[in-house]
Amino acid sequence: MLGVFGIIISLILLIYLAYRGITVLILAPVLAMLAILISGDMSILVGYTQVFMAAFASYAKTYFPIFLLGAIFGKVMDDSGAAKSIAVFIANRLGKEKAMLSVVISCAILTYGGVSLFVVAFAVYPIAAALFREAQIPKRFIPGTIALGAFTFTMTALPGTPQIQNAIPMTYFGTTAWAAPVLGVVASIVMFSLGLLWLSRRARKAMAAGEGYGVHRDENIDQIDESKLPNFWLALLPIVLVLILNFIFGVFFGKMSDSLLEPYGTTISSVKGIWSLIVALVISIIVAIIVMRKSFISVKQSVNSGAIGSLLAIVNTSSEVGYGNVIKALGAFAIIKTALLSIPGTPLISVSVATSVLAGVTGSASGGMSIALSALGDVYMQKAAVLGINPQVFHRIAAIACGGFDTLPHNGAVITLLGITGLTHRESYADIGMCTVIIPIIAAAVCIVLASFGIV
């Protein structure tokens, strides 16, 4: 039981200290070593070099290309003005009467096309502020609206989304980004409709009580010169390409023979999803640069900035995976593993709970899911074979579940979003939490029920 105590203390400190702003680059290895020290299962140095760093390196090796290319793609779409062009086009078509819908759709299109969540928040916020001010919708609803469009269904549920949260399960379950399309679409509809209903009703109630946009004297928002933005259809082209090419290459690579990879100890099913996403992003980045070349100040600077910006994200997540693998290697983890696998009902409930809880602990959807699947992914694959559950279902449920508790108040994306909008947790977190925590959990539950009837 001392080992279990060590794991719990380690997890509590990880949540608390991450919320206090200490980087996970320091927290993950230090708290992993603390868990080892309390359990006494292995040497601290062995745990660090042979377990923590081995898992760190393995994760970085597999997913670094996705982080790198995704960051470059996002930076290219941002610096070219393509992201703003898409948001402005939608806002102009729908108008101030449908300000919330405009913002949600703008964020959804961008994130579904592979643009990073942070880029989307920066790009859409000025447009959201203008729409909300014109419609006299309280500004405090902007973070929840952006979060609904960027942090929920397009991040985890919509089939084909190139976001990292949808890429991680591919290597564990031998799937592609288009896994379990029906469940993904159903979950997306649940998140989109319930989230928009919640925000709309809350805004109408506040406005009926006499609350308007509010006075925000420190609001420094750059005016957008629409004449300098690229054409909407040119801006949309790279996003459409990512989705189409990802699907085409997924099918193409899936037909290759495993003999190609025999010397490397892996199979086509393990890499086809990553390969298709890499090729789709590379081609889309090249096309974006060519068709919008006149909109850049410096293509070289945009590519370099995106590449450098990807490093912190991949290193942070790799550190969280290293932490999870140290915990997994401790004898006491067997007790926790047994408890998770003993949850009554389908193992889909177990993978959902494990993924969501660990995402909440780490404050990271990708980090929590990586820890859960690295620890239990092989067990779930065995259960899938024994119980006749399609591995695609495990992929989609894990992806949706990681987008639940990940956005608790200590989440980095939540803190960044509030910083961009100049608002506080007290003003806006209730709506963020409802749209990105409660409703995604409901969506995951709906999909688990549907999957029990064989729907994929």
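Shown above is the structure to which this text applies.
Starting afresh in each chain, residues are numbered from 1 along the sequence in its written order. Local features are withheld for residues below a pLDDT of 70 in this predicted model, meaning they are given only at 70 or higher, and side-chain atom pairs are given and counted only at 80 or more; totals for whole chains, interfaces and linings count all residues. With hydrogens and water excluded, all non-hydrogen atoms of the structure serve as input to the side-chain values.

So what about the overall build of the protein? Which residues, and what values?
Each helix corresponds to a stretch of at least 4 residues labelled H or I by DSSP, and each strand to a stretch of at least 2 residues labelled E; elements are numbered beginning at the N terminus. Helix and strand counts for the protein stand at 19 helices and zero strands. Each radius of gyration reported is based on C-alpha atoms, and the globular scaling rule is 2.2 Å times the count of residues to the power 0.38. For the protein, whose C-alpha radius of gyration is 22 Å, the value lies close to the compact-globule estimate of 23 Å for 456 residues. Within the protein, buried positions represent 54% of all 456 residues. Throughout, a residue-residue contact means that at least one pair of heavy atoms, one from each residue, lies within 4.5 Å. Considering only contacts in the protein between residues 6 or more positions apart, those separated by 24 or more positions represent 80%. For the accessible areas, the method is Shrake-Rupley and the probe is 1.4 Å, while residue cover comes only from the protein chains on display. Split by element, the accessible area of the protein, about 18,800 Å² in all, is 66% carbon and sulfur. Where the 26 positive side-chain charges of the protein centre and where its 18 negative ones centre are 3 Å apart. Three labels apply to residues, based on accessible area from a 1.4 Å probe with only protein chains included: buried if under 20% of the type maximum, exposed if over 50%, partly exposed otherwise in between. Neither His nor the chain termini are counted; the positive set is Lys and Arg, and the negative set is Asp and Glu. Note that the charge is assigned to NZ on lysines, CZ on arginines, CG on aspartates and CD on glutamates.

Which residues make up the environment of Ser318, and what are the values?
For Ser318, the position within the fold is in helix α13 (residues 299-329). The spacing of Ser318 and Lys61 is 257 residues in sequence and 9.7 Å in space, taken between C-alpha atoms.

So, the side chain of His395: which residues are in play, and what are the values?
Within the secondary structure, His395 sits in helix α17 (residues 391-402). Overall, the relative accessible area of 0% leaves His395 in the buried class. Excluding its chain neighbours within four sequence positions, the residues that come into contact with His395 are Asn166, Pro169, Met170, Phe173, Thr175, Thr176 and Ala179.

Requested: an account of the packing of aromatic side chains, with residues and values cited.
Any pair of Phe, Tyr and Trp rings, taking the six-membered ring for Trp, is counted once the centres come within 6.5 Å. Such a pair is stacked with planes under 30 degrees apart, edge-to-face with planes over 60 apart, and tilted for the rest. Taken as a whole and assessed by the stated rule, the structure comprises 13 aromatic pairs. Here the aromatic rings of Trp178 and Phe247 are separated by 5.4 Å at their centres, their planes lie at 80°, and the arrangement is edge-to-face. Remark: Phe247 occurs in helix α11 (residues 232-254) and Trp178 occurs in the loop between α9 (164-173) and α10 (181-208); sequence separation between them is 69 residues. A relative accessible area of 45% means that Phe247 is categorised as partly exposed. Taken together, the ring pairs in this structure connect Phe249, Phe252, Phe253 and Trp275 into an aromatic cluster.

Break down the nonpolar core for me, citing the residues and quoting the values.
Membership of the largest hydrophobic core comes to 141 residues, with the highest contact counts inside it found for Ile86, Phe132 and Tyr323. No other element matches helix α3 (residues 44-79), which puts 14 residues into this core. Put simply, a nonpolar core is a bunch of buried Ala, Val, Leu, Ile, Met, Phe, Trp, Tyr and Cys residues held in one set by side-chain atoms that sit within 4.5 Å of each other.

So, to be careful, I would describe these as geometric facts and stop short of saying anything about function.
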